[in-house]
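# Coordinate inspection notes
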Amino acid sequence: MKLTGIACCVGLLICHGALASSPQYSAEVRRTSFGIPHVKANNEAGLGYGIGYAYAQDNFCMFQEAFLTVNGERSRYFGPDAVGGPDFDSGSINQSNLRSDFFFRLLNAPAEVDAAWRAQPVPVKALLRGYAAGFNRFLAEASKQPLPAECRDAPWVRKIDERDLIKFVRRLSVEGGALSNMKALLDAAPPVAGAVSATNVADAYEWVSWADRREFVGSNGVALGKEVTEHGRGILLGNPHYPWYGSLRFYQLHLTIPGKLDVMGASLGGFPVVHIGFNSQVAWTHTVNTSQHFTIRALRLDPSDATRYFVDGKAQRLRKQTVTVDVKDSTGAIVKRSHDFWISNYGPLLVRPGLAWSAQTAYALDDPNWNNDRLLRTWHAMNQSQSLDEFQEAITSQVGLPWVNTLAADRQGETLYTDVTVVPRLTQAKQDACIDAAHRDLMKTGLYVLNSTAACDLKPGSWRGSTGIFAGNELPVLRRTDYVQNSNDSAWLTNPAALLTGFAPVVSAQDYQQNDRTRIGISQIQARLAGTDGLPGKRFDARKLRQIAFNNRSYLGSLLRDDLLQICSDASPIVVGDNTVDAQQACAIIRGWDGYANVDSTGFPLARAWMVNLSRHNEIWATPFSASDPVNTPRGIKISDPAVLRTAREALANAVLELRTKGVDASRPWGEIQFIERNGRRIPVPGGAVYNAISGTMADGAVRVRAGSSYIQIVSFEADGPRAEALLTYSQSTDPASAHFADQAPLFAESKWQTLPFTDAQIERDPQYRSQIITQ
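Let me begin by describing the structure that accompanies this report. (Residues numbered from 1 in each chain as written. Predicted model: local features only at pLDDT ≥ 70, side-chain atom pairs only at ≥ 80, totals over all residues. Heavy atoms only, no water.)

Once that is clear, we can look at the state of the cysteines. Overall, the coordinates contain three disulfides when judged by the stated rule. Each sulfur of the disulfide joining C61 and C151 lies 2.1 Å from the other. The disulfide joining C61 to C151 has a torsion of about -75 degrees about its S-S bond and is therefore left-handed. Taken as a pair, C61 in helix α2 (residues 44-70) and C151 in the loop between α7 (122-140) and α8 (162-173) lie far apart in primary sequence, 90 residues in all. Across the disulfide, C434 is cross-linked to C456 (sulfur-sulfur distance 2.2 Å). Across the disulfide from C434 to C456, rotation about the S-S bond amounts to roughly -95 degrees, and the bridge is consequently left-handed. Here the residue C434 occupies a position in helix α14 (residues 428-434), and C456 occupies one in the loop between β18 (449-451) and β19 (477-480), the gap between them amounting to 22 residues. Its relative accessible area of 4% is what places C456 among the buried residues. (Disulfide = S-S within 2.5 Å. Helix = DSSP H or I, 4+ residues; strand = E, 2+ residues; numbered from the N terminus. Buried < 20%, exposed > 50% of the residue type's maximum accessible area, 1.4 Å probe, protein only.)

Quick look at the structure:
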C-alpha cells in the first residue's frame, strides 16, 4: 500500500526534516520491481537500519551462515571436515571448516576487530549499528512470520552486532592477500627432526595466484566522455564478474538521506554503502586490478632455534598465537581444537612452493590490507561526492580501496580511471636491492620475497596515513574526455592514446599481452568511434554501449575461426595416445558454430576448448605479440608450418577428449549446457570466456555456473538527470520462497535490462511500488 502525506510524516517526518518522536532508528523502505529497496532516512543510523532490514528480508539464512565463517564457528555446527557453505561455494575459501575457522579466528581476533571499529568515523559507526539493528529486527519478527525454511530451526541463528559486520569488512579487505594465502598460513609449523619436512608440505601445495583469482572475480568497465557520446555527457558501463553464491553476491539498493545522500546501485552483503552505482552527478564501477597486495619477508633464523630470527644482527622472537575453536565431533559432542600460528614483526609465517620453513630460513606474510580500516569511509565519501574532483579525492586521499580499479563518468562529460589501492611501497630500486637472485623467479607468479633487513622495510609514501604503502599521488590516475576502460589488465592500456607507464612492477605492468576481454573491449570501442561496427554514426549512446556489454562474441574465435576451418580441411582421424578422434565429426561442429556464446549457439564449448589448447603454444601465432600493437596481437595461426598444423590437430583432439570426459555434447545449444536451476526450472545462461564473462564447473554434461556477470549497469547522464538501466543476473534473494529468487535471471537469458526508478516520482509510479516505515 502506498503511504503518502500525513502517514509518511508520522513515521519519519522526512518531509519536514525532523522526527515526530525520538526513536533510535527510523527508516522508510520502499520497494519497486524485482524487489529493489529504496531506503530513506534522516540520518546514517536510520539508513543503516533500513538497509540491514531489507537485506535480511532477502538473504537472511545465507548471511547468518556466512557469519559463522567470519567468526570461525563453522566447525561447531557442521563438523570440522566438510568444505561447504556460501563463501566456500563462491570460490573464495577452499579449506575445511576447521582450517577456515582457525584462519578467521586469527584474522578477526578481538583486538584486531576492536581496533578496526574504533578507527571508523562517527557516520560509519552509525551506519553499522543501524544495519545490525535492522537485521536483528527481521529476526525478532520471527514470532509473527516464520524465518525462511533453510535456517528456521538452525541452532546457529542469532542476533548480530556491529563487530560482526567489521569482520566482514576485514574478510573482504584481505581477499587479495591473506585470504588467498590461507592454506600457506595454516601449513606453517617449525621444522621438527624426523618429521615430514615443511619443504615437502610446501612443494605439494599448488597456489591459486591473484592472477588466477582475477579470472574468477573479474570485471569490465567503460567510462565514456563528452568527446564520444551523442549528448556530450558521460555514460558508464559497469559489469563486475563476481560470485553468484555467498556474501560476495551483489544486492541492488537505493540509499537516501534528504539533502545529504542520494545514491543507487549495488553492494555486497554487510556493507551499508553502495559499492558500484551512481548519484545525480557521478557514476562509477570497479574492476579487480593486477597490483600485488602483499609481500613476503625472508627471515634468517638462529640455527639453534627455528623460532628466533635476526634483523641486522639483532635477535627477534617469533610469537606463537594459539587459536581455539569449538568442534562438533562424530558423536555430536562439542570439543576444543587448537592451532598455533607463528607471528613475526612483519606478519604471520607461511610456507609455499620453494619457501619452506627450514632450520635456516622462514617466510612471513606482510599484508598491508590486514589492518586497512579505511574501506567503509572511502565508499561512504564516494557515495556522497557531487563532482568528479570530489570523487577522485575520496579515493586518492584515503587509499582505502583494497584491490579494485575505479572507472567513473560524470554529468559534465569527463571520465576518470584510478588504480589507487593498498599496494606495498616496493619501488623498482628497492626491488632490485632487496630481492635475492634465489627468489627472483617467484616474481613471475606474483610473489615478491624481500630480505628482512631494516634497509628493506617499506617506507611510507607522501600520504600521511600510509604505513609502507604507495600514496594516492604515486599510483595510476587518468582523466579523459573520450574514454577509459579496464577488463582486469593493468593500468597500462586504459586508453591506448594515453599509455600509463613507468610504475613499479608491483603496481602496474606494461608491454605485455592483454587478455581477450581487454582486446575485444578496446576493439569494439575503436570500431564504434571509427563507424565500422555496422551502427549509424560514430558516437555512443546507451543503446550502442549495451551492444558491447552483452556481446557474446568470442574474441579468439574472431581471430582464429577462418584458420581453424582451414585446418579442418584435413578430416582424417587424429590419434592421440591410445585415443582416436573423429576429426570430421568435430569439424562439422566447428563449422556450425556462429562465433558466439549465446544461449542458442552450438559448438562453443568445443571451439573454446580447442582455441585454449592451441593458444598455450606461443609458436603457433602468425603475427606474434607486439607491445606497439597490443590490441591486435597476437593473431593468426601459422597454418603453412607443418609442425603447427600437427599441434593444432592434436589440440582439437584433446578438446574433444576433454569434453567427452566431462560428458558434454558440444552440438547442443549452449543454453542447454550452461544453465542454472531455480525451484525446478532450468534457466539458460549466456556468456562464458567472452566479454560477458561467466565461469563455472563443467561436469556431467553441464556447466554449473559459479561466478561471472552479476550486477550490470549502464548509466547515461541525460539532460534531466541520470538514466540507469541495470540487471542483477541471479536476482536479489537467496531464499527459494521469495518472489525475487530468480525473477531477473530470465532477463539475463534474453539480454534484457530494467530501467531503474531513481527520483521519487519514478519510484512511486513503479507498478510494484510498496512502502514500509520501520522504527525502533
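Turning next to the packing of aromatic side chains. For the coordinates displayed, the defined rule picks out 24 aromatic pairs. When the centroid spacing of 5.1 Å and the interplanar angle of 75 degrees are considered together, the rings of F67 and F168 count as edge-to-face. Here F67 is found in helix α2, whereas its partner F168 is found in helix α8, with 101 residues between them in sequence. On the accessibility criterion, F168 (2% relative accessible area) is buried. Among the aromatic residues, those joined into a cluster by ring pairs are Y55, F60, F63, F67, F135, F138, F168 and Y251. It is R704 that lies over the ring of Y245; its NZ or CZ is 5.3 Å from the centre. (Phe/Tyr/Trp six-rings, centres within 6.5 Å; stacked < 30°, edge-to-face > 60°. Lys NZ or Arg CZ within 6 Å of the ring centre and 35° of its normal.)

A few words now on helix α19 (residues 583-592). Listing the buried residues of α19 in full gives A583, A586, C587 and I590. Down the axis of α19, the buried set is contained in an arc of 95 degrees. They therefore lie on one face. Opposite its buried face, α19 presents the exposed residues Q584 and Q585, each directed more than 90 degrees away. Tucked into the core, α19 has its buried residues touching α18 (555-567), β21 (574-576), β22 (579-581), α20 (604-615) and α21 (642-661). A distance of 3.0 Å separates the backbone nitrogen of Q584 from a side-chain oxygen at the start of α19, and that oxygen is part of D582. (Arc of directions from axis to C-beta. Contact = heavy atoms within 4.5 Å. Polar contact = N/O pair within 3.5 Å; in protein donor to acceptor, adjacent residues only side chain to side chain.)

The pairing of strand β10 (residues 305-311) with strand β11 (residues 314-317) spans four bridges and is antiparallel. Looking at the pairing, Y309 lines up with Q316 of β11. Counting the residues between successive antiparallel strands, the hairpin from β10 to β11 contains two residues, one of them, D312, with a positive phi of roughly 55 degrees. (Pairing = 2+ DSSP bridges.)

With that settled, consider the nonpolar core. Within the largest apolar cluster, 184 residues are counted, with the highest numbers of intra-cluster contacts made by L47, F60, F63, F250, L255 and L545. Per-element accounting of this core gives the leading share, 16 residues, to α2. Not counting the four nearest positions on each side in its chain, L47 is found in contact with V39, A41, L127, L255, T256, I257 and L261. Among the nonpolar cores identified, the runner-up in size contains 40 residues, and L564, I673, M698 and V703 belong to it. (Core = buried A, V, L, I, M, F, W, Y, C linked by side-chain atoms within 4.5 Å.)

Let us look at the packing of α7 against helix α12 (residues 375-384). Close contact between α7 and α12 brings their axes to 10 Å; oriented N to C, the two are set at 100 degrees. The angle between α7 and α12 falls in the class roughly perpendicular. Residues P123, V124, L127 and L128 of α7 form the contact with α12, whose participating residues are L376, R377 and H380. Each residue belonging to the contact of α7 with α12 can be placed in one class, and the counts come to five nonpolar, one polar and one charged. (Axes fitted to C-alpha atoms, helices over the stretch in contact; angles between N-to-C directions. Parallel < 35°, antiparallel > 145°, perpendicular 65-115°, else oblique. Nonpolar A, V, L, I, M, F, W, Y, C, P; charged D, E, K, R; others polar.)

Along the chain, T501 falls in the loop between β20 (483-486) and α16 (516-530). C-alpha of T501 to C-alpha of S615: the two residues are 114 residues apart in sequence and 27 Å apart in space. With sequence-adjacent residues up to four places away left out, T501 is seen in contact with W492 and Q510.

One open sheet holds the 10 strands; their spatial order is β19-β17-β16-β8-β7-β6-β5-β2-β1-β32, and the pairing between them is mixed. Pairing within the sheet leaves two strands with one partner each, and these edge strands are β19 and β32 (770-775). The average angle at which neighbouring strand axes cross in this sheet is 20 degrees, direction not considered. Across the sheet, α12 touches β6 (261-268), β8 (282-288) and β16 (404-410), and the angle it forms with β8 is around 150 degrees.

Okay, the pattern of salt bridges next. According to the stated counting rule, one finds 32 salt bridges in the structure shown. A salt bridge links D305 to R317, with the nearest nitrogen and oxygen atoms 2.5 Å apart. Of this pair, D305 sits in strand β10 while R317 sits in strand β11; the two residues are 12 residues apart in sequence, bridging distant segments of the chain. Across the pair E750 and K752 runs a salt bridge whose closest N-O atoms are separated by 2.9 Å. Overall, the relative accessible area of 42% leaves K752 in the partly exposed class. Salt bridges here are not isolated pairs; linked through shared partners, they connect R30, K40 and D760. (Salt bridge = Lys/Arg side-chain N within 4 Å of Asp/Glu carboxyl O.)

As a further point, take the pairing of strand β5 (residues 250-257). When you tally the buried positions in β5, you get eight out of eight residues, the bulk of the element. Where burial is concerned, the two faces of β5 agree: the one with F250, Q252, H254 and T256 and the one with Y251, L253, L255 and I257 are both buried. Both strand β2 (residues 36-40) and β5 contribute to a ladder of three bridges, which runs parallel. Within β5, the position partnered with H38 by the bridge is H254. Following β5, the chain reverses through three residues before pairing antiparallel with β6; G259 in that reversal takes a positive phi of roughly 80 degrees.

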